[in-house]
Amino acid sequence: MHRPTRRHLTVATALVAATTAAVAVTTAAGASTSKEQVRRAIQDGKAKNVILLIGDGMGDSEITLARDYTVGANGRLNMDKFPLTGAYTTYAVHADGTPDYVTDSAASGTGWATGVKTVNGRISKTPGTDKPVKTLLELARKSGYATGDVTTAELTDATPAVLASHATDRSCQGPADMAKCPTDTIAAGGPGSIAEQEVNHKVDVLFGGGKQRFDQTVTDGRYKGLTVTEQARRLGYQVVTDNASMKAAKSGKPVLGLFAPGNVPTEWTGKAAAVGGTAPQRCVTSNANRPAGTPSLADSATKAIQLLEAKQQAKHSKQGFFLQIEGASIDKQDHAADPCGQIGETAAFDKAVKVARAYAAKHPDTLVVTTADHGHTSQIVPLEATPPGLSSTLVTDEGQQLKVNYSTNTPGLSQEHTGTEVRIAAQGPWAYRVLGVTNQTDLFTTVREAMRLR
């Protein structure tokens, strides 16, 4: 069922000639992609491992802004160095299946996690009938793969939640947050809150923020009276709270990392955009409100890969692992019209991309995909422009000025997602499936077929 068809192989073979010349060019920054990388990217073999990297809200504007600021207009980020690149559409649907042209993270995440489009706000459930749909992580666990979910948001936020929970509304994050999910409560025979479901799924690695959700008390069922964190310990989880304890965690038991009460604090700070603009500023590449023991996304990714690989080696398993890594606050700082916070989170995400690609270089049977869930508001505009909304002028690492504009909502309100298609890039087995313009739900099929999931 999952073997490549003759059509797939014919298309894949043709892609060698069509893409090699384009991707095997050495840029001014010295980055190049070899023909061998291209061949691996269109091979028809099984992917032993899959690493899916999601830059939340990381549209082309957000990528370009981070590139211009950190490595220069002619430089290249790690995410720019994949051998194959395409784009995918991101729309959600209404309950009747008609398009809702601007998605949120819950509906978009459900798209790649399940292959089914849903309504905004819903977590891995159908749009009209509100029924749960099997996710990539659930299918991977069933097939014997180790699984991991890493984020800089709360672990119960939409993007990490779509893999290991099913909820009528994304707000139902902890046992005390179930107002919009009455049929999902344990008392009603449902699976409980997102936090409860994530630990019940026995995901091998859960790293992120959201300690406040896991500190809530379970109200019904087997674990009534315990906090979700205590429930996790009963289920065998090691609970870690900072970089030192994360690095000390041993394989053999699942690991729950709770690195902040809410979202993990941003890496960088600076002045937010303002009406009429800001004076030219350099970003502050440290954040006084980020505790010293907070692991970087790259450190979390590195440890997650080590734990997942060690688990499978100990089992002598022929299967590898499925790991999702999210840079969440690119989106959150875009909403806040904070260009320095946004750029810093994109740069931190790009370091996690480097970790994934370095692993894949040693394990070429690993499919690595990087993409976004939806576009966002930031735009690079001419210095002489006078945008009607919020704007800021930055001084880049090249010593040049750059103006960024946020005008998708009235100043003072949260800036909005956009309905644009976004980049998707990949390397490894089945990576050729990202070429062209595809649908967000096609990513589910690509990963499922690459891993031979049933």
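Quantities reported herein were computed from a predicted structural model and do not represent experimental measurements. (Residues numbered from 1 in each chain as written. Predicted model: local features only at pLDDT ≥ 70, side-chain atom pairs only at ≥ 80, totals over all residues. Heavy atoms only, no water.)

**Here we look at the packing of helix α11 (residues 297-315) against helix α13 (residues 339-362)**
For the pair α11 and α13, the least separation of the axes is 7 Å and the interaxial angle reads 30°. Classified by the interaxial angle, the pair formed by α11 and α13 is roughly parallel. Once α11 is placed against α13, the crossing between them reads as right-handed. On α13, the residues touching Leu297, Ala298, Ala301, Thr302, Ile305 and Glu309 of α11 are Ala348, Phe349, Lys351, Ala352, Val355 and Tyr359. Tallied by class, the residues present in the contact of α11 with α13 amount to 9 nonpolar, 1 polar and 2 charged. (Axes fitted to C-alpha atoms, helices over the stretch in contact; angles between N-to-C directions. Helix = DSSP H or I, 4+ residues; strand = E, 2+ residues; numbered from the N terminus. Parallel < 35°, antiparallel > 145°, perpendicular 65-115°, else oblique. Left-handed = near helix turned anticlockwise from the far one by under 90°. Contact = heavy atoms within 4.5 Å. Nonpolar A, V, L, I, M, F, W, Y, C, P; charged D, E, K, R; others polar.)

**Description of the pairing of strand β15 (residues 422-427)**
Consecutive side chains of a regular strand alternate in pointing toward one face of the sheet and then the other. Burial analysis of β15 places 6 of its 6 residues in the buried class, the great majority of the element. Bridge count between strand β2 (residues 84-89) and β15: 5 bridges; the pairing is antiparallel. Of the residues in β15, the one forming a bridge with Thr85 is Ala425. Across 4 bridges, strand β11 (residues 366-372) lies against β15 in antiparallel orientation. Of the residues in β15, the one forming a bridge with Thr371 is Ile424. (Buried < 20%, exposed > 50% of the residue type's maximum accessible area, 1.4 Å probe, protein only. Pairing = 2+ DSSP bridges.)

**A short note on the side chain of Lys303**
When you line up the elements, Lys303 lands in helix α11. For Lys303, the residues in contact, after removing those within four places along its chain, are Phe207, Met246, Lys247 and Ala249.

**Structural notes on helix α14 (residues 442-451)**
Burial within α14 is extensive, with 7 of its 10 residues counted as buried. The set of residues buried in α14 consists of Leu443, Phe444, Thr446, Val447, Glu449, Ala450 and Met451. Within two residues after α14, Arg452 carries a phi angle of roughly 60°, on the positive side.

**Looking at the packing of helix α3 (residues 60-70) against α13**
In a pair of packed helices, the angle between the axes and the distance between the axes together describe the arrangement. Contact geometry for α3 and α13: axes closest at 9 Å, N-to-C directions at 90°. As the angle between them shows, α3 and α13 are arranged roughly perpendicular. Contacts between α3 and α13 involve Glu62, Leu65, Ala66, Tyr69 and Thr70 from the first element and Gln342, Ile343 and Thr346 from the second. When its residues are assigned to classes, the contact of α3 with α13 shows 4 nonpolar, 3 polar and 1 charged.

**Concerning the side chain of Thr103**
For Thr103, the location among the structural elements is in the loop between β4 (99-100) and α4 (105-114). We classify Thr103 as buried; its relative accessible area is 2%. A polar side-chain atom of Thr103 sits 3.3 Å from the main-chain amide nitrogen of Ser108. (Polar contact = N/O pair within 3.5 Å; in protein donor to acceptor, adjacent residues only side chain to side chain.)

**Overview of the confidence of the model for the protein**
Summary statistics for the protein give a mean pLDDT of 93 and a share of 90% for residues scoring 70 or more. Residue range residues 1-14 is modelled with pLDDT below 50. Its contacts to residues more than four positions away, or to other chains, number 17 contacts. In the model, residues 16-32 has pLDDT below 50 throughout and makes 22 contacts with residues more than four positions away in sequence or in other chains. (pLDDT = per-residue confidence, 0-100.)

**Points about the environment of Asp177**
Take Asp177: it is sitting in the loop between α6 (158-164) and α7 (194-200). Measuring from C-alpha to C-alpha, the distance between Asp177 and Arg213 comes to 8.7 Å, with 36 residues separating the pair along the chain. Ignoring any residue separated from it by four or fewer positions in sequence, one finds Asp177 in contact with Ser171, Cys172, Arg213 and Gln216. In this structure the side chain of Asp177 is engaged in a polar contact, spanning 3.2 Å, whose partner is the side chain of Gln216.

**Quick word on the nonpolar core**
Ile51, Leu53, Val199, Phe207, Leu256, Phe322 and Ile325 are the most contacted members of the largest nonpolar core, which totals 95 residues. If near-sequence neighbours (up to four positions away) are discounted, Leu256 is found in contact with Leu155, Val199, Leu206, Phe214, Ala232, Tyr237, Gln238, Val239 and Val240. Counting residues in hydrophobic clusters, the runner-up holds 15 residues, among them Leu65, Cys283, Ala347 and Val404. (Core = buried A, V, L, I, M, F, W, Y, C linked by side-chain atoms within 4.5 Å.)

**Comments concerning the pattern of salt bridges**
Where charged atoms of side chains with opposite charge meet at close range, the side chains can pair. Counted under the stated rule, the structure contains 16 salt bridges. We note a salt bridge from Lys332 to Asp157, for which the minimum N-O separation is 2.8 Å. Taken together, the residues Lys332 in helix α12 (residues 329-335) and Asp157 in the loop between β5 (146-154) and α6 connect sequence positions 175 residues apart. Each of Asp104, Asp157, Arg170 and Lys332 takes part in one network of salt bridges that share partners. (Salt bridge = Lys/Arg side-chain N within 4 Å of Asp/Glu carboxyl O.)

**Focus: the packing of aromatic side chains**
If you walk through the whole model with that rule in mind, you get 4 aromatic pairs. Note on Phe321 and Tyr359: the rings are 5.7 Å apart at their centroids and 50° apart in plane angle, and the pair reads as tilted. Note that Phe321 is positioned in strand β10 (residues 321-327) and Tyr359 in helix α13, a separation of 38 residues in sequence. The pair Phe321 / Tyr359 is uniform in exposure class, with both members buried. Their ring planes at 25° and their centres at 6.1 Å tell us that Trp430 and Tyr432 sit as a pair that is stacked. (Phe/Tyr/Trp six-rings, centres within 6.5 Å; stacked < 30°, edge-to-face > 60°.)

**Topic: the sheet that holds β11**
With respect to topology, 10 strands assemble into an open sheet ordered β7-β8-β6-β5-β10-β1-β11-β15-β2-β16, the strand pairing being mixed. Because the sheet does not close on itself, it has two edges, and the strands there are β7 (238-240) and β16 (437-439). Direction aside, neighbouring strands of the sheet carry axes that sit 20° apart on average. Where strand β1 (residues 49-55) and β10 come together, 6 bridges link them in parallel fashion. Across the sheet, Ile51 pairs through a bridge with Leu323, a residue of β10.

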